Amino acid sequence: MTTSITERQLAMPPDEFRQALMDKGRFYHLYHPFQQAMAKGELTQQQLQGWVANRFYYQLMIPQKDAALLANCDDPRARRRWIQRLLDHDGHEDDSGGIEAWLALGDAVGLSREELVDQRHVLPGVRFAVDAYRHFVATAPWQEGAISSLTELFAPLAHQNRLDTWPTHYPWIDAHGYAYFRKRLSEARRDVEHGLEVALDVCVTAESQQRALNILQFKLDVLWSMLDAMQMAYLLDRPPYHTVTDQAVFHNGV
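Residues numbered from 1 in each chain as written. Predicted model: local features only at pLDDT ≥ 70, side-chain atom pairs only at ≥ 80, totals over all residues. Heavy atoms only, no water.

(A) Spatial organisation of the layout of surface pockets. Within this model, the largest pocket holds a volume of roughly 490 Å³. Every residue lining the largest pocket is counted, 21 residues in all, and those nearest its centre are Gln46, His121, Ala233, Tyr234 and Pro239. Of all the secondary structure elements, the ones that give two or more residues to the lining of the largest pocket are helix H4 (45-72) and helix H12 (206-235). Take the lining of the largest pocket: its biggest share by element is five residues, from H4. Classifying every residue of the lining of the largest pocket by side-chain character gives nine nonpolar, nine polar and three charged. (1 Å grid on protein atoms, 1.4 Å probe; cavity = no way out; pocket = protein on both sides within 12 Å on 5 of 7 lines; lining within 4 Å. Points joined across faces, edges and corners; volume = space filled by probe spheres on them. Helix = DSSP H or I, 4+ residues; strand = E, 2+ residues; numbered from the N terminus. Nonpolar A, V, L, I, M, F, W, Y, C, P; charged D, E, K, R; others polar.)

(B) Fine view of the packing of aromatic side chains. Counted by the stated rule, this structure contains eleven aromatic pairs. Ring geometry for phenylalanine 136 and phenylalanine 218: centres 5.2 Å apart, planes at 50°, overall tilted. Of this pair, phenylalanine 136 sits in helix H8 (residues 124-139) while phenylalanine 218 is found in helix H12, placing the two residues 82 residues apart along the sequence. Consider the rings of tyrosine 180 and phenylalanine 181, whose centres lie 6.1 Å apart with planes at 80°: the pair is edge-to-face. The two residues tyrosine 180 and phenylalanine 181 agree in class, both being buried. These aromatic residues form a ring-pair network of at least three members: Trp51, Trp102, Trp166, Tyr170, Trp172, Tyr178, Tyr180 and Phe181. Here arginine 85 stacks its cationic end above the ring of tryptophan 82, 3.6 Å away from the centre of that ring. Here the basic side chain of arginine 127 rests over the ring of tyrosine 57, its NZ or CZ set 4.8 Å away from the ring centre. (Phe/Tyr/Trp six-rings, centres within 6.5 Å; stacked < 30°, edge-to-face > 60°. Buried < 20%, exposed > 50% of the residue type's maximum accessible area, 1.4 Å probe, protein only. Lys NZ or Arg CZ within 6 Å of the ring centre and 35° of its normal.)

(C) Structural context of helix H2 (residues 14-23). Phe17, Ala20 and Leu21 are the residues of H2 that are buried. Along the axis of H2, the buried positions cluster into a sector of 100°, meaning they face one direction only. Where H2 is buried, its residues touch helix H11 (179-202) and H12. (Arc of directions from axis to C-beta. Contact = heavy atoms within 4.5 Å.)

(D) Region of the structure containing the pattern of salt bridges. The tally for this structure, following the rule as stated, stands at 17 salt bridges. With its nearest N and O atoms 2.6 Å apart, the salt bridge here joins aspartate 118 to arginine 120. The class of arginine 120 is partly exposed, set by a relative accessible area of 39%. Notably, a salt bridge pairs arginine 134 with aspartate 131, separated by 3.7 Å at the nearest N-O pair. One end of the pair is arginine 134 and the other is aspartate 131, both in helix H8 and three residues apart, which spans about a single turn. Residue arginine 134 is classed as partly exposed on the basis of its relative accessible area of 27%. Residues participating in the shared-partner salt-bridge network are Arg85, Asp88, Asp95, Glu152, Lys183, Arg184, Glu187, Arg190 and Asp191. (Salt bridge = Lys/Arg side-chain N within 4 Å of Asp/Glu carboxyl O.)

(E) Representation of H11. A rise of 1.5 Å per residue sets the reference length of H11, with its 24 residues, at 34 Å; its end C-alpha atoms lie 35 Å apart and thus fit the reference within 8%. Along H11, the largest kink reaches about 30° and is centred on leucine 185. (Expected span 1.5 Å × (residues − 1). Bend = angle between axes of the 7 residues up to and from the residue.)

(F) Highlighting unusual backbone geometry. Positive phi is not limited to glycine here, since aspartate 237 has a value of about 55°. If you trace the backbone, aspartate 237 turns up in the segment after H12. Taking relative accessible area as the criterion, aspartate 237 reaches 60% and is therefore assigned exposed. Residues other than glycine seldom take positive phi values, yet tyrosine 241 does so here, at roughly 65°.

This is the structure we're talking about:
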């Protein structure tokens with residue numbers, strides 16, 4: 001579909017559109033009460049373990065999400081760049097990858113590899129939010145899937161925050177667990193440049209720019225909703241089905 005001159009005139013200039021995307025950072029999950037408590041050293045070991053275990057499900061889905069995007073992408077140049085994200089998480093050559101680094105984080109906070117891999121701690125609210133994200137990327141045009149990744153604009157701030165605060169507040173965490181956060185500091189900055197290029201290239205009308213902002217808000221909703229589920233379960237002591245049982249019955253045997 002061709003874009004009329006009028007439609008382009010109504011659109012924000014590239015710098016203004018980029019700033020509008022950046023302004024979404026005020027809704028980033030770094031500012032969720034659960035994350036704020038984490039940064040202040042207010043979490044118990046069990047609560048921090050709950051966060052690590054639930055975020056591992058998100059880590060597992062990242063390469064599946066990226067593989068789905070690649071399957072929808074008809075641009076070889078874009079595929080050649082995007083495939084690096086799969087390698088970052090699944091590993092390649094001498095790099096064991098982000099998933100293995102997160103398993104090391106689990107070990108550092110006292111979780112076994114088995115209990116992370118079998119997903120026994122994954123809350124239904126977390127699972128549903130992450131699955132919704134994966135489904136969106138699998139069914140949307142690849143460019144929209146790329147735009148949904150733009151929460152990486154704000155990710156380095158979160159990773160650096162953990163590197164700055166955890167050693168002081170949680171000295172019981174083994175230092176080898178911090179490799180994931182260090183690894184992602186540079187990877188996220190590299191990845192976000194590609195996502196921004198895609199957004200600035202395809203969003204040249206007011207309608208497409210608003211669509212991009214809505215997609216980014218959807219991804220922010222996913223991350224925030226994950227923490228809502230963890231807040232209920234670990235800080236408010238109201239895990240799923242707490243009114244009818246003290247057993248973790250969700251997803252057993254599925």
